[in-house]
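Each chain is listed here by its residues.
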Amino acid sequence: METITFLVRVEPGEDGYHVASCLSLPGCYSQGETVEEAIDNIVEAIQAYTESLAHEEAGDDASSMRLVNVPSALAVA
C-alpha cells in the first residue's frame, strides 16, 4: 500500500490534552491524552478525511486526475 507523508502539528490543549492538526488538510484535527495518542488519533483522522475526499471525487473523471510529488522547503527542527 502506498503511503503519503503529512506534516502535523501537536500542541498542548487547554484541557490538558494534546491537540494534533494536519496542516495540509483544513479542519482535520484530533487529540489525545499523550503526544503519542494524539499522533495515533490524527493518523486515523487523516485516513478518514482522505477516504471521504476519494468518495467525493469518485464521480469526477479519474483519467484527468494525477498525484504529484512536490519538494518542500519546510524543515522539521
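Below: a short report on this structure.

Procedures and definitions
- Residues numbered from 1 in each chain as written.
- Predicted model: local features only at pLDDT ≥ 70, side-chain atom pairs only at ≥ 80, totals over all residues.
- Heavy atoms only, no water.
- Helix = DSSP H or I, 4+ residues; strand = E, 2+ residues; numbered from the N terminus.
- Contact = heavy atoms within 4.5 Å.
- Buried < 20%, exposed > 50% of the residue type's maximum accessible area, 1.4 Å probe, protein only.
- Pairing = 2+ DSSP bridges.
- Axes fitted to C-alpha atoms, helices over the stretch in contact; angles between N-to-C directions.
- Patch = residues over 30% accessible without salt bridge, like charges linked within 9 Å, V, L, I, M, F, W, Y side chains within 5 Å.
- Areas by Shrake-Rupley, 256 points an atom, 1.4 Å probe, with all protein chains shown as cover.
- Salt bridge = Lys/Arg side-chain N within 4 Å of Asp/Glu carboxyl O.

### Describing the environment of Ala38
Moving on, step 1. For Ala38, the position within the fold is in helix 1 (residues 35-57).
Moving on, step 2. The spatial distance from the C-alpha of Ala38 to the C-alpha of Val10 is 7.4 Å, given a sequence separation of 28 residues.
Moving on, step 3. In this structure Ala38 touches Val10, His18, Ala20, Gln31 and Gly32, once residues within four positions along its chain are discounted.

### Quick look at the environment of Phe6
Moving on, step 1. Structurally, the position occupied by Phe6 is in the segment before strand 1 (8-12).
Moving on, step 2. Under the relative-accessibility criterion, Phe6 is labelled partly exposed at 26%.
Moving on, step 3. With 18 residues separating them along the chain, Phe6 and Ser24 place their C-alpha atoms 7.2 Å apart.
Moving on, step 4. Residues in contact with Phe6, not counting those within four places in the same chain, are Cys22, Ser24, Leu25, Ile46 and Thr50.

### Thoughts on the sheet that holds strand 3 (residues 29-32)
Moving on, step 1. Taken together, three strands build an open sheet; the order of strands is 1-2-3 and the sheet is antiparallel. Every interior strand has two partners, whereas the edge strands, strand 1 and strand 3, have only one. Within this sheet the neighbouring strands show an average axis-to-axis angle of 25°, counted without direction.
Moving on, step 2. Sheet topology note: the strand 1/strand 2 (residues 18-22) ladder contains five bridges and is antiparallel. Bridged to Val10 within strand 2 is Ala20.

### Some points on a nonpolar patch on the surface
Moving on, step 1. Together, Val35, Ile39 and Val43 make up an exposed nonpolar region whose accessible area comes to about 200 Å².
Moving on, step 2. Take Val35: it is sitting in helix 1.
Moving on, step 3. Relative accessible area serves as the criterion here: at 34%, Val35 is assigned to the partly exposed category.

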